[in-house]
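# Structural overview
Each chain, written out:
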Amino acid sequence: MSNSNQSVGFEPWLKENPKIMYAAAFMTLLIMCIGIIGNSLTILVILKSPRIRNIASTFIISLGAADLLFCIAVLPFNASRFLNINWVQYPELCSIVPFLQYGNIGVSLLFITMITINRYIMIVHSSLYSIVYRPIWITSMIILCLIISFGMLIPTLLSKWGKFEYDPKLGTCSIVSDEFGQSSKSALLVTGFIIPCIVIVCCYTGIFLVVRNSEKRMRRHQASTQSDPTATNMQSIRRKLSEWRITKMVLAIFLSFVLCYLPITITKTLDPGVQYPALLLIAYIMIYASACFNPIIYVIMNKQYRKAFKSVLNYGCCEKATKRVPVLRSISKRLQPHGNLTSSTVMQTLQTISPG
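Not measured: the values here are computed from a predicted model. Per-chain numbering applies: the sequence of each chain, read as written, is numbered from 1 onward. Per-residue local features of the predicted model are confined to residues with pLDDT of at least 70, and side-chain atom pairs are confined, for both listing and counting, to 80 or more; whole-chain, interface and lining totals are unaffected and use all residues. For side-chain calculations, the full set of non-hydrogen atoms in the structure is used, while hydrogens and water are omitted.

Turning to the pattern of salt bridges, a few remarks are in order. Pairs may arise between side chains of opposite charge once their charged atoms sit close together. Take a side-chain nitrogen of Lys or Arg and a carboxyl oxygen of Asp or Glu: if they are within 4 Å of each other, that pair is a salt bridge. Considering all chains together, one arrives at one salt bridge under this definition. Ionic pairing is found between K163 and E165, a salt bridge with its closest N-O pair at 3.3 Å.

Right, let's get into the packing of helix α3 (residues 55-73) against helix α11 (residues 277-301). Here, axes are lines fitted to C-alpha atoms. For helices the fit covers the stretch in contact, and angles between N-to-C directions go from 0 to 180 degrees. To qualify as a helix, a DSSP run of H or I must reach at least 4 residues; to qualify as a strand, a run of E must reach at least 2; elements of each kind are numbered from the N terminus. For the pair α3 and α11, the least separation of the axes is 9 Å and the interaxial angle reads 145°. Considering how the two elements wind past one another, α3 and α11 form a crossing that is left-handed. Packed against α3, whose contacting residues are I60, L63, D67, F70 and C71, the element α11 presents I287, Y288, S290, A291, N294 and Y298 at the interface. Residues were grouped as follows: Ala, Val, Leu, Ile, Met, Phe, Trp, Tyr, Cys and Pro as nonpolar; Asp, Glu, Lys and Arg as charged; and all remaining residues, including Gly, as polar. Among the residues forming the contact of α3 with α11, the class breakdown is eight nonpolar, two polar and one charged. Helix crossings fall into two classes, left-handed where the near helix is turned counterclockwise from the far one by less than a right angle and right-handed where it is turned clockwise. Contacts were defined at the residue level, with two residues in contact if any of their heavy atoms lie within 4.5 Å.

Moving on, we come to the side chain of N78. Position of N78 relative to the elements: it lies in helix α4 (residues 75-82). Burial classes follow relative accessibility: with a 1.4 Å probe on protein chains only, a residue under 20% of its type's maximum area counts as buried, one over 50% as exposed, and anything between as partly exposed. A relative accessible area of 2% means that N78 is categorised as buried.

Quick look at the nonpolar core now. Counting residues in each nonpolar core, the largest one holds 85 residues, and the members touching the most others are F10, F59, F82, Y133, Y288 and Y305. Broken down by element, the residue count for this core peaks at 15 residues, all from helix α5 (residues 91-124). Residue contacts for F82: discarding those within four places in its chain leaves F10, L14, M21, A24, A25, T28, L281 and Y288. Side-chain atoms within 4.5 Å are what join buried Ala, Val, Leu, Ile, Met, Phe, Trp, Tyr and Cys residues into a set we call a nonpolar core.

Attention shifts here to the state of the cysteines. When two cysteine sulfur atoms lie within 2.5 Å, the pair is treated as a disulfide. Applying the stated criterion across every chain, the model contains one disulfide. The thiol of C292 is not disulfide-bonded; the next cysteine sulfur, from C71, is found 7.0 Å away. By relative accessible area, which is 7% here, C292 ends up buried.

Glancing now at the side chain of T42. Within the secondary structure, T42 is located in helix α2 (residues 18-48). Engagement of the side chain of T42 in a polar contact is seen with the backbone oxygen of G38, the distance being 2.8 Å. Residue contacts for T42: discarding those within four places in its chain leaves I60, P295, Y298 and F309. What qualifies as a polar contact is a pair of N or O atoms within 3.5 Å, subject to a donor-acceptor requirement within protein and to the restriction that residues adjacent in sequence count only when both atoms come from side chains.

This part covers the packing of aromatic side chains. In this scheme Phe, Tyr and Trp rings, the latter by its six-membered ring, pair at centre separations within 6.5 Å, and the angle between planes marks the pair as stacked below 30 degrees, edge-to-face above 60, and tilted otherwise. By the definition in use, this model includes ten aromatic pairs. Ring plane angle 80° and centroid distance 5.3 Å describe the contact between F10 and Y284, whose orientation is recorded as edge-to-face. Of this pair, F10 sits in helix α1 (residues 10-16) while Y284 sits in helix α11, and the two are 274 residues apart along the sequence. For the pair F10 and Y284, a shared accessibility class is recorded, and that class is buried. For the pair F77 and W87, a centre-to-centre distance of 5.5 Å together with 65° between the ring planes defines the contact as edge-to-face.

Attention now goes to a positive patch on the surface. Any residue with relative accessible area above 30% and no salt bridge may belong to a patch, with like charges joined within 9 Å and the nonpolar Val, Leu, Ile, Met, Phe, Trp and Tyr side chains within 5 Å. Here the Shrake-Rupley method, with its probe set to 1.4 Å, supplies the accessible areas, and only the displayed protein chains count as covering residues. Just so you know, the count uses Lys and Arg for positive and Asp and Glu for negative, and it drops His and the chain ends. Taken as the charge location is NZ of Lys, CZ of Arg, CG of Asp or CD of Glu. Taken together, the side chains of R51, K303, R306, K307 and K310 make up a positively charged region of the molecular surface. Along the polypeptide, R51 turns up in the loop between α2 and α3.

Keep in mind that these numbers describe shape and distance, not what the molecule does.
See below:
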């Protein structure tokens, strides 16, 4: 890496390394395509599969929509930046693109928080579940997440609390300090990242304790010969253990989100002068990749989602074949009622199934 001992900035370093620049653009476009296909399929699968439609899936649809918006509205501009197409020269785009990017990051983590709280109430306080999760409250939670994430960025968009502007060291439009030296970055970090992470960690701690106690009670029950008096309790324990499987999937989504956004936080903190642009490039790619990880996690970690994805993907090519199966079975039954086949039976059967 040339000039690694001085503050060279991200964009000059890219221009000095065109192969890396084109590779970064290719990776961004590849992530964009995977994210668009994966998140679109996720939304379609949940809408078409009643077995996986529940309260948590409502937030998963919202999360998929947020990632889809990120892929469509943010990633193309970042790919063009790597190709040295300077959209950042346009003040409107230099405000709108980071506004959507920062807002999308916040709303994604808040949706993950809502899913985690849903899992917590389902497992730890199941008696309150039907009271808390009513349609009006679910809609209100989604709207509240959007208001918090994007609402906090409106003052910055209006240049009243920091401003969106091109940062030459980062090589992109970002939040920079205004003429009074103020910036909303610290408040956004606390409100949109640290607090949701604390809530998620607390919820998973409570879930883990309840599931561990349930497993202990399950083992004691299996070792005991008196099973009838505790049959109701055992059903509750099995239900909690079943919910834990879905909860582990949500935990994987949260951990992947943190792993994707941790590098950029560390890099900006430890290397504010961008002395190591390669590390910043890796951090950027990790952020972009977060938009396509969730559908992969759904397929890997949840059997019901795998079946639903297969069902939707096979629907078009197998629809005609499945429609012919009942007709063929009907023909078989009518042609061989007792193992005897006559010409009159054949004619009656063909007349029955004829479309005319």
